[in-house]
Amino acid sequence: MDAARAANARLIPAKFTHPFTYVGAQPSWKEGGLFVHFKYEGGNPQEAVDTIIHHINEEGLRSWTNLKKVKAFLVQGTPWVDDMIGRLPSDILKVEFEGPDLDVETLYREFRHFGKIADITPPPAGSKDVPRFALIDFMHVRSATSARNCLHGKKVKETRMSIGYQKVKSKWQVWEWITSHPRIMIPVVLGILAGLTYVVFDPIRVFFISSKLRGRWDLERYTSTAEQLWDSTWSALFGKWFGNFPKRPAPASTDGWTERQAEEERLRNRLKQTPDTLILVSGPRGSGKSGLVRNALSDKTFKLTINCEELVGQSDYVMMKRLANQIHFYPMFNAMVQASNIVDTMVTATTGAKAGLSTTAEGQIRKMLDCLSVAINRVTLDQKRARDKVVAQQKLAHAAAERGQDAAISEETQKLIDEPLPEVEYPVIVVEGFLEKENAKGHNIYNMLMEWAAMTAEYHLAHIIFVSDNPSAVKALGRALSNKLVENYSLSDATPETAMSFIKRRMGKLEFGDDLLRCVEAIGGRLTDLELLIQKMNAGMSPIDAFNDLVLRTVTEIRKIGLNEDQRDQGNYVWSAVQFWKIVQLLSKTDEISYDEVRFHPLFKGEETPLQGMERAGLISLVHQNGRPYGVRLAKPIYRTAFQHMQGDERQTAIMGILTTKQLIADEEEKIKKLEHEVTQLVGSLAFKEVRSEVRGRLEYLGKSIASSSQKVKQWSREQAEWKKKVTLKE
């Protein structure tokens, strides 16, 4: 009824040449048309249609759906209105012939009235397929729908035309092809996504990394300014009555430590030069490596720290997340990386080929370091552009001054000429904890950092400072930077005189007499130990009490690590408790022992791994000479007192004596078994005259070896019995 009322109100004019009767209207929802039924008396129906067309053109009627002009045609056939979804309208009509074939001219005359025709394809001449049909390709779908509804069922030259829509290739054909060829399209899509990532996300990541280098998000940088303002305001308003506002405690400095201050100044001067090599700050644990670097970078604007200790030993997911947080690599999409690995596994299982969706942790870390390189280069280039701009302005100012020699130079021009050139401050990247856990999970990040640092130094992008307590760090960096030498800043302990000067400068005017000197001589010049001593004395402890407390704390740490008392980390130790106890016995008596003598001791059996592991753990220090390990020393001077304290514990000494003799006896008895087995085999060879003399000589040697080993077992058994007496329970 709505369609009928709309047709009667809008489309039908009020006057016709002959009587006109509106019967009704039938909409075609699928094709978007409207069949208007009418009676026209005394004239040709085409005349009525022409009148309606003239009325529509005069009124300028348009469709409410597509705003196109309304058109009207006379239905000459038998319309077929259907609602089949599978037969949707298209711009190509399939005209089936029920009778003789119609030629192209006839089809053109019949169908051209409804719209422009692109092409007409007649049925093949020799084809025997029935029904025979022709294809009419219209320029617009609207013309095709009008022709079908108006001409379907019309009879032309004894041939009835049955008109339908030719199924055209789907608009989703490209998508269907993509989904049916995953092996081809998935790499293509990944390449497009990678390109979009490079275009969209990488600039964002470079921006965040540059902001980290420039200190844009460093709250301490802004709070320090606010703190200074507040301090000055407080002093001006209330300082007279309440004194100055209490300041934040200053970080530990090296005032009074001449050698360390010289190293800091040397490092500062090196950082002012163009980067062309790698910098290594090495030394034993607690020697103040991080403090030296921190003090040397106190006036630097562009700096960033990568802490390997937080990265190595973690899962790939955690390692990448922490590295991204350290360098501000945002956005990270770490969860999407995990999801892509799962999808890649599913695609591989279904298609039988790798889709390439998964991303390894190594690839992600290298991508982060690449973005860091871009950010570093951008910071350096911005400074160079600013410098070049000043140089160009000064050249123009000099030229202007030369042209006007007789005239006075303006104040602005003179100021520009006298302006000093801005220095290019190269960014500084600090790698903390380098090679600290070289055998832990994720240790490959050390190699990636070395490769990236070598490339950065080669292209003079930034200063890279490695901070490490691993003696092999110099060799590792030397392999990465094969064409240049690594600049090494090796820190050592302070002399007793320097240590006393350092403590007195930190303690102020307090006097402790000779007790402090004796404590400092026993502690040594390790910075962290001196800091702990100062803290305890500031807390009110005497030098002797503070020293004893330090010794007890050191003994606890040594027992936990050296004697493998930490059950959770026993799998990470490459030495046994009895091997370390032998080191304790030897170094408690002398400052240095021979590396080779210790290595070939019966407890070590010629292996270097235990000694190297102890050095990694910070228990001992290996002295090198002529490029090879030569001696073994204490890792810290305070260890001498700690080792002597451990030796003074009779029960501890007895327990370790039992374990040591037990190990020696077991090894020697195993050796005796092998000798006895060989003797058993050789006894049977005495029947052969040809080898009898040689066999007897060998048996004589084996007999002496067995006797010597048996004598050792007896000796160790007696020692073990003596040790057991000290720990035997008396009931």
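These numbers come from a predicted model, not from an experiment. (Residues numbered from 1 in each chain as written. Predicted model: local features only at pLDDT ≥ 70, side-chain atom pairs only at ≥ 80, totals over all residues. Heavy atoms only, no water.)

Chemist: Honestly, helix H17 (residues 514-523) in this entry has me stumped. Any pointers?
Modeler: Within an α-helix, residues lying three or four positions from one another point in the same direction, as the helix has 3.6 residues per turn. Looking only at H17, the buried set comprises Leu-516, Cys-519, Val-520 and Ile-523. In a view along the axis of H17, the buried residues occupy a sector of 100 degrees, so they form one face of it. On its buried side, H17 packs onto helix H16 (496-507), helix H18 (527-538), helix H19 (543-562) and helix H23 (638-647). In the stretch just after H17, Gly-524 is the one whose phi turns positive, near 95 degrees. (Buried < 20%, exposed > 50% of the residue type's maximum accessible area, 1.4 Å probe, protein only. Helix = DSSP H or I, 4+ residues; strand = E, 2+ residues; numbered from the N terminus. Arc of directions from axis to C-beta. Contact = heavy atoms within 4.5 Å.)

Chemist: Just checking my understanding: could you explain the packing of aromatic side chains for this structure?
Modeler: The description of an aromatic ring pair uses the distance of the two centres, along with the angle that the planes make with each other. One pass over the structure, following the stated rule, counts twelve aromatic pairs. Grouped by ring-pair contacts, the aromatic residues Phe-16, Phe-20, Phe-38 and Tyr-40 constitute a single cluster. Cation over ring: Lys-94 sits above Phe-133, and NZ or CZ is 4.5 Å from the ring centre. One residue, Arg-266, lies across the ring of Tyr-489, its end atom 4.0 Å from the ring centre. (Phe/Tyr/Trp six-rings, centres within 6.5 Å; stacked < 30°, edge-to-face > 60°. Lys NZ or Arg CZ within 6 Å of the ring centre and 35° of its normal.)

Chemist: How should I be thinking about a nonpolar patch on the surface in this particular structure?
Modeler: Where nonpolar side chains cluster on the molecular surface, the patch consists of Trp-177, Ile-184, Val-188, Val-189, Ile-192, Leu-193, Leu-196, Val-199, Val-200 and Ile-204 and spans about 860 Å² of accessible area. With respect to the helices, strands and loops of the structure, Val-188 is situated in helix H6 (residues 182-214). Residue Val-188 is classed as partly exposed on the basis of its relative accessible area, which comes to 39%. (Patch = residues over 30% accessible without salt bridge, like charges linked within 9 Å, V, L, I, M, F, W, Y side chains within 5 Å. Areas by Shrake-Rupley, 256 points an atom, 1.4 Å probe, with all protein chains shown as cover. Salt bridge = Lys/Arg side-chain N within 4 Å of Asp/Glu carboxyl O.)

Chemist: Just to check I follow, could you spell out the pairing of strand E5 (residues 133-138) for this structure?
Modeler: On a regular strand, each side chain points to the face opposite its neighbour's, so the side chains alternate between the two faces of the sheet. Side chains Ala-134, Ile-136 and Phe-138 project from E5 onto a buried face, and the interleaved Phe-133, Leu-135 and Asp-137 project onto a face without burial. For strand E3 (residues 92-98) and E5, the ladder comprises five bridges, and the chain directions are antiparallel. From the neighbouring strand, Ile-92 faces E5, where its bridge partner is Asp-137. For strand E4 (residues 117-121) and E5, the ladder comprises four bridges, and the chain directions are antiparallel. Residue Ile-117 lies in a different strand from E5, and its bridge partner there is Phe-138. (Pairing = 2+ DSSP bridges.)

Chemist: Could you clarify how one ought to interpret the confidence of the model for the protein in this entry?
Modeler: The predicted coordinates of low-pLDDT regions are not to be read in fine detail. For the protein, per-residue confidence averages 81 on the pLDDT scale, and residues scoring 70 or more make up 82% of the total. Ranking the elements of the protein by mean pLDDT puts helix H7 (residues 219-242) last with 60 and strand E10 (residues 428-432) first with 93. (pLDDT = per-residue confidence, 0-100.)

Chemist: Can you help me understand the packing of helix H20 (residues 577-587) against H23 in this one?
Modeler: Two numbers describe how H20 lies on H23: the axes approach to 9 Å, and their chain directions differ by 110 degrees. It follows from the interaxial angle that H20 and H23 lie roughly perpendicular. Facing H20, whose interface residues are Phe-580, Trp-581, Val-584, Gln-585 and Leu-587, H23 presents Arg-640, Phe-643, Met-646 and Gln-647. (Axes fitted to C-alpha atoms, helices over the stretch in contact; angles between N-to-C directions. Parallel < 35°, antiparallel > 145°, perpendicular 65-115°, else oblique.)

Chemist: How should I be thinking about the side chain of Thr-456 in this particular structure?
Modeler: Structurally, Thr-456 is set in helix H14 (residues 444-458). The exposure class assigned to Thr-456 is buried, which follows from its relative accessible area of 1%. Excluding residues that lie within four positions of it along the chain, Thr-456 makes contacts with Ser-373, Leu-461, Ala-462 and Ile-464.

Chemist: Could you clarify how one ought to interpret the side chain of Ser-588 in this entry?
Modeler: For Ser-588, the location among the structural elements is in the loop between H20 and strand E13 (592-594). Given a relative accessible area of 10%, Ser-588 falls into the buried group. Those residues in contact with Ser-588, other than ones at most four positions away along the chain, are Arg-640, Phe-643, Gln-644 and Gln-647.

Chemist: Please clarify how the nonpolar core should be interpreted in this entry.
Modeler: Soluble globular proteins tend to bury their nonpolar side chains together. Grouped together as the largest cluster of nonpolar side chains are 61 residues, with contacts concentrated most on Ile-503, Leu-533, Phe-580, Ile-583 and Phe-643. It is H20 that contributes the most residues to this core, seven residues altogether. When sequence neighbours within four positions are dropped, the list of residues in contact with Phe-580 reads Ile-558, Gly-562, Leu-563, Trp-575, Met-614, Leu-619 and Phe-643. Ile-306, Ala-324, Ile-327 and Leu-435 belong to the second largest nonpolar core, which has 49 residues in total. (Core = buried A, V, L, I, M, F, W, Y, C linked by side-chain atoms within 4.5 Å.)

Chemist: Sorry, what's going on with the packing of H17 against H18 here?
Modeler: To characterise two packed helices, one gives the angle between the axes of the helices and the distance between these axes. Running from amino to carboxyl end, H17 crosses H18 at an angle of 150 degrees, the nearest separation of the two axes being 10 Å. By the angle class used here, H17 and H18 are roughly antiparallel. Seen along the crossing, H17 lies across H18 with a hand that is right-handed. Facing Leu-516, Val-520 and Ile-523 of H17, the residues of H18 in contact are Asp-529, Leu-530, Leu-533 and Met-537. Considered class by class, the residues forming the contact of H17 with H18 number six nonpolar, no polar and one charged. (Left-handed = near helix turned anticlockwise from the far one by under 90°. Nonpolar A, V, L, I, M, F, W, Y, C, P; charged D, E, K, R; others polar.)

Chemist: Quick question: what am I supposed to make of the pattern of salt bridges here?
Modeler: If charged atoms from side chains of opposite charge come close, those side chains can pair. The full count for this structure, using the stated rule, is 29 salt bridges. Measuring nitrogen to oxygen at the nearest pair gives 3.1 Å for the salt bridge that ties Arg-205 to Asp-202. One end of the pair is Arg-205 and the other is Asp-202, both in helix H6 and three residues apart, which spans about a single turn. Both residues of the pair, Arg-205 and Asp-202, count as buried. Residue Lys-605 pairs with Asp-667 through a salt bridge whose shortest N-O separation is 3.4 Å.

Chemist: Would you explain the pairing of strand E8 (residues 279-282) in this entry?
Modeler: Neither face of E8 is open: one carries Ile-279 and Val-281, the other Leu-280 and Ser-282, and all of them are buried. Note that E8 and strand E11 (residues 463-468) share four bridges and pair parallel. By the bridge assignment for E11, Ile-279 is matched with Ile-465. Relative to strand E12 (residues 487-490), E8 runs parallel, the two sharing four bridges.

Chemist: Where do I start with the sheet that holds strand E15 (residues 628-634) in this structure?
Modeler: To summarise the sheet geometry, strands pair through backbone hydrogen bonds and adopt either a parallel or an antiparallel arrangement. The strand order across the open sheet formed by three strands is E13-E15-E14, and the pairing between neighbours is antiparallel. The strands lining the two open edges of the sheet, one partner per strand, are E13 and strand E14 (620-625). Averaged over all adjacent pairs, the angle separating strand axes in this sheet is 35 degrees, with direction ignored. Pairing of E13 with E15, which is carried by three bridges, proceeds in the antiparallel orientation. In the strand pairing of E15, Ile-593 is matched with Val-632.

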